Amino acid sequence: MSTTNRTPVATEPDRPSVHTSSRSGLADSALGTRNLMTIAALAVVSMILLVPLNYLAPAAGASRDAVLLGCAIMGLWLVPYLLPATVVRRPGAVMIAALLMGIMSVFTTPVGPAAIVGNLIGGAFVEAPLALMLYRKWTWWSFLISAATFGLLNGIMYVSVMSASAGMASASAGVIIAVVSALVGGVVTIVLTRLLNRAGVGIDHRATGRA
């Protein structure tokens, strides 16, 4: 009886499986340790600007000229909220910073717990346009859209207290001043971001756009 020699079938060598950490996605988000620490640092530094502005805010509604002055310094209000977006460039970075600034403002400004709500509203005015763009555009013009939105909505809120007495012309002028001021603040924020990038802060090679 003859036997048939059979060559063993060559089996494909086992390939090493690649294991990815379930936390890798979180590390790259705004809640990642590095990004969260950057956001917290920006929030703390921003309080240098927010504390005096919160003490000036109650006087903004005292008269027509005070309201217009409040609109004129809208760019100063913008910087603390826009900076986390331009530096960290992650969804939710602005709202996290706004929450942290609101908590600190409870103890450092005269508005008390209402500061948390106020800061979250300010953060939402900046983050909403970025969210509407599905967080795909992190460029200078997307940041300026957020700046203009911040100035427009806050300007409307500011002039609403004087529109009845001062007329629509003054109210419209106040809104325009607020938007222009916010755009200037947006440009300043972009410049600050580039300076921080050169210092090694907030450099993001995975960003979809460059400021």
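Basis of the calculations
Residues numbered from 1 in each chain as written. Predicted model: local features only at pLDDT ≥ 70, side-chain atom pairs only at ≥ 80, totals over all residues. Heavy atoms only, no water. Phe/Tyr/Trp six-rings, centres within 6.5 Å; stacked < 30°, edge-to-face > 60°. Helix = DSSP H or I, 4+ residues; strand = E, 2+ residues; numbered from the N terminus. Buried < 20%, exposed > 50% of the residue type's maximum accessible area, 1.4 Å probe, protein only. Polar contact = N/O pair within 3.5 Å; in protein donor to acceptor, adjacent residues only side chain to side chain. Contact = heavy atoms within 4.5 Å.

Visitor: Describe the packing of aromatic side chains, with residues and values.
Guide: The full count for this structure, using the stated rule, is two aromatic pairs. Aromatic side chains Tyr81 and Phe150 sit 5.7 Å apart centroid to centroid with 35° between the ring planes, which places their arrangement in the tilted category. Taken together, the residues span a long stretch of sequence, with Tyr81 in helix α4 (residues 74-88) and Phe150 in helix α7 (residues 140-159) at a distance of 69 residues. In this structure, Tyr81 and Phe150 share a single accessibility class: buried. Ring centres of Tyr135 and Trp138 lie 5.9 Å apart, and the angle between their planes is 20°; on these two criteria the pair is classed as stacked. What makes Tyr135 partly exposed here is its relative accessible area of 23%.

Visitor: So, unusual backbone geometry: which residues are in play, and what are the values?
Guide: At Arg89, a position not held by glycine, the phi torsion is positive, near 55°. Among the structural elements, Arg89 can be located in the loop between α4 and α5 (93-108). Located in the positive-phi region is Tyr135, a residue other than glycine, with phi close to 55°. As for its position among the elements, Tyr135 is in the loop between α6 (114-132) and α7.

Visitor: Quick one: what's the story with the side chain of Asn35, residue by residue and with numbers?
Guide: Here Asn35 shows up in helix α2 (residues 33-56). Using a relative accessible area of 8% as the deciding quantity, one classes Asn35 as buried. Separated by 2.8 Å, the side chain of Asn35 and the backbone oxygen of Ser29 make a polar contact. If sequence neighbours within four positions are ignored, Asn35 has contacts with Ala27, Asp28, Ser29, Ala30, Val88 and Arg90.

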